[in-house]
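Listed below are the residues making up each chain.
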Amino acid sequence: MKHQYSKNNPLLMAFDSTLVTLPAPINLSYLWNLGSLLSMCLIIQLISGILLASIYSVSMDFSFNLVSLTMEASDKGWLIRYLHANGASLFFICLYTHIGRGIYYGSFLYTHVWNVGVMILLLTMATAFMGYVLPINQMSFWGAAVITNLFSEIPYIGPDIVKTIWGGVSVSDPTIMRFFTFHFLLPFLSLALVVIHITLLHMPGSNNPLGIYSNIDKISFNKYFSAKDIMGATLILFMFLFLVIYSPLTLGDDENFTPANPGVTPHHIQPEWYFLFAYAILRSIPNKLGGVVALLMAIMLLYVLPYSALAKNKSLMFYPMNKMIFWTFCSIILLLSWIGACPVEEPFYTIGQVLTVMYFSYYLINPLTGLLWDKTALS
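This one's a predicted model, so the numbers in the text were calculated from it and none came from an experiment. (Residues numbered from 1 in each chain as written. Predicted model: local features only at pLDDT ≥ 70, side-chain atom pairs only at ≥ 80, totals over all residues. Heavy atoms only, no water.)

1. Some remarks on the nonpolar core
- By size, the foremost hydrophobic cluster in this structure holds 93 residues, and its most contacted members are I103, W114, I176, L302, L336, Y359 and Y363.
- Here the element with the most residues in this core is helix α6 (residues 111-133); it accounts for 12 residues.
- Summarising the domain contributions, this core has at least three residues from each of domain 1 (29-209 + 220-269) and domain 2 (270-378).
- When neighbours within four sequence positions are excluded, Y363 is seen to be in contact with A298, L301, L302, L305 and F329. (Core = buried A, V, L, I, M, F, W, Y, C linked by side-chain atoms within 4.5 Å. Buried < 20%, exposed > 50% of the residue type's maximum accessible area, 1.4 Å probe, protein only. Helix = DSSP H or I, 4+ residues; strand = E, 2+ residues; numbered from the N terminus. Domains from an automatic or database assignment. Contact = heavy atoms within 4.5 Å.)

Written out as structure tokens, the structure reads:
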């Protein structure tokens, strides 16, 4: 009777096929928990963001003080804001790990799933940047001025685009209103893309650590994998709440406590930690237009991965050289993040340029190494 009811209810059928009876490879590891963790992060950000939006007011003169007042005077205002601010960091930790897992195990060969995932990444980065600007402190104000000014490098129409974004001749109230509007709307677009992402993923079924055909060795998603997801979410949520309650300012910048001053430029402008690697690539290129192109390519190259895979097998598990190259690539990203937080001076500038070349070289060397390994193995 219960089964017949679910057949007649499309919503229950979708839930059943997605989370209950979904066939899943038996050898999935805890790295496959990241999808559920990202869903948890998105829910945390949506709920806390809506609560913050209900008490936010767009004003270059008063928004900073309003945010401070919310933290100090409103009931649990500090908790909501720290959940939202640190939730962004948790989101990007899970997101970057999710992408790294996809690269390592060859999940990018599910082309449509991967492309939608990269689109979600781009939307998340745009949303995070615009949200960072909203408290209108010294670092966020100048970060907005620097990043939006990059659009001026677009031939012919660049300066007009910058003025449209600004709504004037500089970052001002119209700019913040635009940022607030899109920061509020884009997460719901991301949510829609997440639904598409999951739907496309469940058509062919999940990849697995070996990257091999696994239809003959699958089990129902529930209850084994559900228990693993709940355990992983509980552990991560515990660590996240510990950070929010006991050390919520660890990942922030001291300039975030200074009201925006358009007349005084900070000595060292830097974004939040999750953008530091891209910022290091941007400033490693001497030419401004070249830096903008390199910044875009640093992310857009993810779209190329499904079409540049030359190796016979999906997973890097079978390619020792490629595994070494992958972990070198991860180390390069970490080093670029460190360089992005350093002043623009020697030796950091030169190190950043070298690391930038190494970063882009990965997308050429990795597929060629896999192809060479296959040929060597066959011979």
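2. Re the domain arrangement of the protein chain
- For the protein chain, the domain assignment lists domain 1 (29-209 + 220-269) and domain 2 (270-378).
- Each of domain 1 and domain 2 was reduced to a C-alpha centroid, and the two centroids are 23 Å apart.
- Counting residues at the interface gives 37 residues for domain 1, matched by 33 residues for domain 2.
- Regarding the contact of domain 1 and domain 2, the summed buried area is about 3200 Å², with carbon and sulfur atoms giving 69% of it.
- Counting the surface domain 1 buries against domain 2, the share from its top three residues, Y104, E153 and H268, is 21%.
- Along the contact surface separating domain 1 from domain 2 lie one salt bridge. (Buried area = accessible area lost by both parts, 1.4 Å probe. Salt bridge = Lys/Arg side-chain N within 4 Å of Asp/Glu carboxyl O.)

3. Points about the UniProt feature "binding site: a ubiquinone" (unreviewed entry) in the protein chain
- Residues annotated by UniProt as "binding site: a ubiquinone" (unreviewed entry) correspond here to H202.
- Looking at the element boundaries, H202 is found in helix α9 (residues 173-202). (UniProt positions renumbered as here; feature names shortened; annotations may be inferred.)

4. Considerations on unusual backbone geometry
- Of note, the amide linkage connecting E346 to P347 takes the cis form, showing an omega dihedral of 0°.
- Residue position: P347 is located in the loop between α14 (320-340) and α15 (348-378).
- The phi angle at I136 is positive, at roughly 55°, despite the residue not being glycine.
- Along the chain, I136 turns up in the loop between α6 and α7 (138-149).
- Among the residues examined, I136 registers a relative accessible area of 2% and is labelled buried.
- At Y156, a position not held by glycine, the phi torsion is positive, near 70°.
- Residue position: Y156 is located in the loop between α7 and α8 (158-166).
- The class of Y156 is exposed, set by a relative accessible area of 82%.

5. Description of the state of the cysteines
- Per the stated rule, a full pass over the model turns up zero disulfides.
- Distance from the sulfur of C41, which forms no disulfide, to the nearest cysteine sulfur (C94) is 4.2 Å.
- With relative accessibility at 2%, the residue C41 sits in the buried group.
- Among the cysteines around C330, which has no disulfide bond, C94 carries the closest sulfur, lying 16 Å off.
- Taking relative accessible area as the criterion, C330 reaches 24% and is therefore assigned partly exposed. (Disulfide = S-S within 2.5 Å.)

6. Concerning the UniProt feature "binding site: heme b b566" (unreviewed entry) in the protein chain
- UniProt annotation of "binding site: heme b b566" (unreviewed entry) refers to H98 and H197 when read in the numbering used here. On the basis of their most widely separated C-alpha atoms, the annotated residues across 100 residues gather in one place, lying no more than 13.3 Å apart.
- In this fold, H98 is placed in helix α5 (residues 77-104).
- Beyond its immediate stretch of four places on either side in the chain, H98 contacts L34, G35, L38 and H197.
- Turning to its location among the elements, H197 is positioned in helix α9.
- The class for H197 is buried, based on a relative accessible area of 17%.
- In this structure, H197 is in contact with H98, V113, V116, G117 and I120, ignoring residues within four places of it in sequence.

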